[in-house]
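If you want the building blocks of each chain, they are given just below.
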2 protein chains.
Amino acid sequence: MVHPKSRGAARRAMRRGPTIDDVAELAGVSRGTVSRVLNGGHYVSAASLEAVQQAMEQTGYTVNQSARSLVTKQSNAIGFVLSEPQERLFEDPNFSVLLRSCTQALAEQDINLVLMLETSDEERNRILRYVRGEHVDGVLLISTHSGDPLITELARAGVPAVVCGRPLVPGDVLPYVAADDREGARQMTRYLVEQGHQRVGMISAPQIAGGQERLQGYQDVLGRKALKRLVVSVDDYSHEAGVRAMHELLAKSPDLDAVFAASDLLASGALVELRRAGRRVPDDVAVGGFDDSRIARESDPPLTTIRQPLELVARDMVDVLLRQIRGEEAATRILPTELVIRESA
Amino acid sequence: MVHPKSRGAARRAMRRGPTIDDVAELAGVSRGTVSRVLNGGHYVSAASLEAVQQAMEQTGYTVNQSARSLVTKQSNAIGFVLSEPQERLFEDPNFSVLLRSCTQALAEQDINLVLMLETSDEERNRILRYVRGEHVDGVLLISTHSGDPLITELARAGVPAVVCGRPLVPGDVLPYVAADDREGARQMTRYLVEQGHQRVGMISAPQIAGGQERLQGYQDVLGRKALKRLVVSVDDYSHEAGVRAMHELLAKSPDLDAVFAASDLLASGALVELRRAGRRVPDDVAVGGFDDSRIARESDPPLTTIRQPLELVARDMVDVLLRQIRGEEAATRILPTELVIRESA
DNA sequence: TTGAAAGCGCTAACAG
DNA sequence: CTGTTAGCGCTTTCAA
């Protein structure tokens, strides 16, 4: 019986796979030729190519990415960095969609995604060290709160990066991909008004990515000044904040007949509070959300909301990042939103 | 003006950081000594250690993981594989918690998490190739549906791996970490009975991880035979399935006064359907969920549910996997659940 | 079109 | 305790 301590090491040693040399030998060519077929097959005769491919098949060869990276300085991986000081973002249903879509888009190009959480200053430094150490070729950054130092640090380090949503730091230091938050907010506000609602309130979260724009869109339609009493601001896009904000709004403007919440999560909280207050939705108070996330479908009643094309945002982020890595032009992109009418308004 | 194509390459070349030799030179020691401090600092004099650390600081040195991996055969990364043929799992709030907690637990050990989605047979093969190619040292597997081929393939390949939840394949081919689903279901069922409910129905999902056990727990308390009319089975843990199942259950057993749903998502669907049917919760029908996920707090009314210690599950998965990688004993672990009483029952 | 050879940056013996 | 050295598996000149 083998000592347990040694089992892993033993198996690991056994498991060492075929190298480029094994393939070369079997194919009867040099190591250089095998490398050439690995990298596009240019300047290789048909015969050699055939022989090498067969040999690779036979041996079950896989490139050793470490060896390759050591010389090419490319890791074939990108970092997906999530900045979530309040541990909140991870619960956002939008985030899941984004992460899944990015992973998929990258997998199609055979690129791997390594997930990193910026939960503290310490972690941020770990991430920066890691990224600067060329462990990843670039970074997809999901940053929601204003003034995230990571954005400027990444930019300063010259690391290829793209942000989701307009970065909440001064200057356009990094390219970003975002939905057209402002126009989306206009769409919703206009719709609410067109439905005949006289007093349309808003639950806004100006410090969260997109929050400014959503508030501006609302103001674009309803005017900037006269609405103080109809707007309540919260700190994040959470359900709980929605509950509290709705409570406050009802207190300030008991006569309101519609409310636009800056996210579906917020809207779902508003729904709960409205029911508790004995107001029917949409008959007494209409409710509009933003995001068209899963909860929009699952809340009761289902939410009328603004759809953000998140799958597209993800694909575009990946596209912009890869271009940037290749040294091509990488411009910010703004994607159109769409009104989705359900039962809440 | 530089041609755009070359910009990336140029910057990349510039960015090449300090190597172990630079540090060695600056510290006035050999490359071997630097390597030693990098790997635990054993057999190094206090003076050398000090000098090296200072030199590392000064140069801003970071190890080149590729070079290291090339010789150690360890990638310092683990794969987090999510098998989700129906794209459903990613929307499960439990999954987010699991992913976040695993990422954090690994980050604490300075290990990176690479995320992989098994969305198709093709993707599964890509994952297997990748894993066999030693790109990761081990795999954390989240597999919910029965008969996932990845489980057996991973086991056959001899890759260190641990599954979340009891794997739905015959034989214990891989160690796993799970909450005590069966006992949790008993806790809930008992509670419902103790509250005086006479006809306790169940919405079960026997094909999903933990689903069998949750049904068994219910049957442990209420008896196996007599309850056919009170149990409805669904295909997954989704909200929509909950709506449909509740509808069906109400049709089959209009007199039921409580229902235990095998997940919070399912329970939230049941809540919607009950309201539509004009039944008050908990007065007419009490509802119990399972998971204590975010929705349990956010649904209306908040759900009485069974808490799964997911953060703990995640930490234990990481622990079991790392042990396995080190060649130590790696045993399956079952974690206790807890009844959380809110307003729905 | 191909082979030979020189590293990439690091770890792990091995002598000292 | 420390320096020296031999690779790890691959890409990439450079000649041929």
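Criteria and thresholds
Residues numbered from 1 in each chain as written. Chains lettered and ligands numbered in written order. Predicted model: local features only at pLDDT ≥ 70, side-chain atom pairs only at ≥ 80, totals over all residues. Heavy atoms only, no water. Near = heavy atom within 4 Å. Polar contact = N/O pair within 3.5 Å; in protein donor to acceptor, adjacent residues only side chain to side chain. Helix = DSSP H or I, 4+ residues; strand = E, 2+ residues; numbered from the N terminus. Pairing = 2+ DSSP bridges. Axes fitted to C-alpha atoms, helices over the stretch in contact; angles between N-to-C directions. Contact = heavy atoms within 4.5 Å. 1 Å grid on protein atoms, 1.4 Å probe; cavity = no way out; pocket = protein on both sides within 12 Å on 5 of 7 lines; lining within 4 Å. Points joined across faces, edges and corners; volume = space filled by probe spheres on them. Nonpolar A, V, L, I, M, F, W, Y, C, P; charged D, E, K, R; others polar. Domains from an automatic or database assignment. Buried area = accessible area lost by both parts, 1.4 Å probe. Salt bridge = Lys/Arg side-chain N within 4 Å of Asp/Glu carboxyl O. UniProt positions renumbered as here; feature names shortened; annotations may be inferred. Parallel < 35°, antiparallel > 145°, perpendicular 65-115°, else oblique. Left-handed = near helix turned anticlockwise from the far one by under 90°. Phe/Tyr/Trp six-rings, centres within 6.5 Å; stacked < 30°, edge-to-face > 60°. Buried < 20%, exposed > 50% of the residue type's maximum accessible area, 1.4 Å probe, protein only.

Re the protein's contact with DNA strand C
And then number 1: Near DNA strand C you find 29 residues, and of these Ser-45 and Ser-48 of chain A together with Ile-20, Tyr-61 and Arg-68 of chain B are the closest.
And then number 2: Expressed as a percentage, the sugar and phosphate content of the atoms of DNA strand C within 4 Å of the protein is 64%.
And then number 3: Between DNA strand C and Ser-48 of chain A, the relevant distance is 2.5 Å, taken from a phosphate oxygen to a side-chain nitrogen or oxygen of the residue.
And then number 4: In this structure, a phosphate oxygen belonging to DNA strand C sits 3.4 Å away from a side-chain N or O atom of Asn-39 of chain B.
And then number 5: Of all the secondary-structure elements, those providing two or more residues to the surface near DNA strand C are α3 (31-38) and α5 (65-72) of chain A together with α3 (31-38) and α5 (65-72) of chain B.
And then number 6: When residues of the surface near DNA strand C are assigned to their parent elements, the largest contribution, five residues, is made by α5 of chain B.

Side note on the sheet that holds strand β5 (residues 176-179) of chain B
And then number 1: Here we have 12 strands laid out as an open sheet, ordered β11(A)-β5(A)-β4(A)-β3(A)-β1(A)-β2(A)-β2(B)-β1(B)-β3(B)-β4(B)-β5(B)-β11(B), and mixed in their pairing. Of all the strands in the sheet, just β11 (333-335) of chain A together with β11 (333-335) of chain B have a single pairing partner and so form its edges. Averaged over all pairs of adjacent strands, the angle between their axes in this sheet comes to 20 degrees, without regard to strand direction.
And then number 2: The pairing of strand β3 (residues 139-143) of chain A with strand β4 (residues 161-164) of chain A spans four bridges and is parallel. Residue Leu-140 of chain A lies in a different strand from β4 of chain A, and its bridge partner there is Val-162 of chain A.
And then number 3: Contacts from helix α14 (residues 310-325) of chain A reach β1 (77-83), β3, β4, β5 (176-179) and β11 of chain A within the one sheet, and its direction differs from that of β4 of chain A by about 160 degrees.
And then number 4: In the packing of helix α6 (residues 93-107) of chain B onto the sheet, contacts are made with β2 (112-118) of chain A together with β1 (77-83), β2 (112-118), β3 (139-143) and β4 (161-164) of chain B, and the angle to β1 of chain B comes to roughly 175 degrees.

Considering the sheet that holds strand β9 (residues 286-288) of chain A
All names here are of chain A.
And then number 1: Strand order in this open sheet of four strands is β7-β6-β8-β9, and the pairing throughout is parallel. Looking at which strands have only one partner, the edges of the open sheet turn out to be β7 (231-233) and β9. Each neighbouring strand pair of the sheet contributes to a mean axis angle of 15 degrees, computed without reference to strand direction.
And then number 2: Sheet analysis places strand β6 (residues 200-204) next to strand β8 (residues 258-261), joined by four bridges and oriented parallel. Paired with Gly-201 across the bridge in β8 is Val-259.
And then number 3: Each of β6, β7 and β8 is contacted by helix α10 (residues 211-222), which is oriented at about 165 degrees to β6, the strand it contacts most.
And then number 4: Packing against the sheet, helix α11 (residues 239-252) makes contact with β6, β7 and β8, and its axis sits at approximately 145 degrees to β7.

What about empty space enclosed by the protein?
Residues and elements named next belong to chain A.
And then number 1: Under the counting rule described, the total for this entry stands at four cavities of 30 Å³ or more.
And then number 2: Here the largest cavity is characterised by a volume of approximately 320 Å³.
And then number 3: Those elements that place two or more of their residues in the lining of the largest cavity are α6 (93-107), β3, β5 and α14.
And then number 4: Considered class by class, the residues forming the lining of the largest cavity number 13 nonpolar, six polar and five charged.
And then number 5: The residue makeup of the lining of the largest cavity includes at least three contributed by each of domain 2 (77-179 + 311-335) and domain 3 (181-307).

Points about the interface of chain A and chain B
And then number 1: Of the residues lining the interface, 64 residues belong to chain A; the matching set on chain B comes to 65 residues.
And then number 2: In total, chain A and chain B occlude about 5800 Å² of area from one another, counting both sides; carbon and sulfur atoms represent 46% of this.
And then number 3: Across the contact surface, chain A and chain B share six salt bridges.
And then number 4: Between Glu-240 of chain B and Arg-297 of chain A there is a salt bridge, with the nearest N and O atoms lying 3.9 Å from each other.
And then number 5: At the junction of chain A with chain B, the criterion picks out nine residue pairs in polar contact (both at pLDDT 80 or more).
And then number 6: At the level of secondary structure, the elements contributing two or more residues to the side of chain A that touches chain B comprise α1 (4-14), α5, α6, β2, α7 (121-132), α11, α12 (264-276) and α13 (294-298) of chain A.
And then number 7: Among the residues making up the side of chain A that touches chain B, the classes are represented as 21 nonpolar, 17 polar and 26 charged.
And then number 8: As defined by bridge partners, β2 of chain A adjoins β2 of chain B across three bridges and the pair is classed as antiparallel. Residue pairing in the sheet places Leu-113 of chain A in a bridge with Leu-115 of chain B of β2 of chain B.

Re the UniProt feature "domain: HTH lacI-type" (unreviewed entry) in chain A
And then number 1: UniProt annotation of "domain: HTH lacI-type" (unreviewed entry) refers to residues 18-72 of chain A when read in the numbering used here.
And then number 2: The span residues 18-72 of chain A is 69% helical and 0% strand by assignment, and the distance between its end C-alpha atoms comes to 21 Å.

With respect to the protein's contact with DNA strand D
And then number 1: DNA strand D sits among 30 residues. The nearest are Ile-20 and Tyr-61 of chain A together with Arg-36, Ser-45 and Ser-48 of chain B.
And then number 2: Here the atoms of DNA strand D within 4 Å of the protein split so that 60% fall in sugar or phosphate, with bases taking the remainder.
And then number 3: One of the side-chain nitrogen or oxygen atoms of Lys-73 of chain B is found 3.2 Å away from a sugar or linking oxygen of DNA strand D.
And then number 4: Taken together, the elements giving at least two residues each to the surface near DNA strand D come down to α3 and α5 of chain A together with α3 and α5 of chain B.
And then number 5: A total of five residues in the surface near DNA strand D trace back to one element, the largest contributor, which is α5 of chain A.
And then number 6: Of the residues belonging to the surface near DNA strand D, the class tally is 12 nonpolar, 12 polar and six charged.

Focus on the packing of helix α7 (residues 121-132) of chain B against helix α8 (residues 149-157) of chain B
Helix-helix packing is characterised by the crossing angle of the two axes and by the distance between the axes.
All names here are of chain B.
And then number 1: Taken N-terminus to C-terminus, the directions of α7 and α8 make an angle of 20 degrees; their axes are 11 Å apart at the nearest point. Overall, the two elements α7 and α8 adopt an arrangement that is roughly parallel. Between α7 and α8 lies a crossing whose hand is right-handed. The segment α7 lies against α8, with Arg-124, Leu-128, Val-131 and Arg-132 engaging Pro-149, Leu-150, Glu-153, Leu-154 and Ala-157.
And then number 2: For the contact of α7 with α8, the per-class residue count stands at six nonpolar, no polar and three charged.

Some remarks on the packing of aromatic side chains
Residues and elements named next belong to chain A.
And then number 1: Applying the stated criterion to the full structure yields four aromatic pairs over all chains.
And then number 2: Each ring, one from Phe-260 and one from Phe-290, has its centre 6.3 Å from the other, and the planes form 35 degrees; the classification is tilted. With a gap of 30 residues between them, Phe-260 in strand β8 and Phe-290 in the loop between β9 and α13 connect regions that are remote in the sequence. Take Phe-260 and Phe-290: they sit in the same class, and that class is buried.

Brief notes about the layout of surface pockets
And then number 1: Of the volumes computed, that of the second largest pocket is approximately 700 Å³.
And then number 2: What lines the second largest pocket is a set of 22 residues, among which Val-63, Gln-65, Arg-68, Asn-76 and Asp-110 of chain B lie closest to the centre.
And then number 3: Residue assignment for the lining of the second largest pocket shows that the elements contributing at least two residues are α7 of chain A together with α5 and α14 (310-325) of chain B.
And then number 4: Grouping the amino acids of the lining of the second largest pocket by side-chain chemistry returns eight nonpolar, eight polar and six charged.

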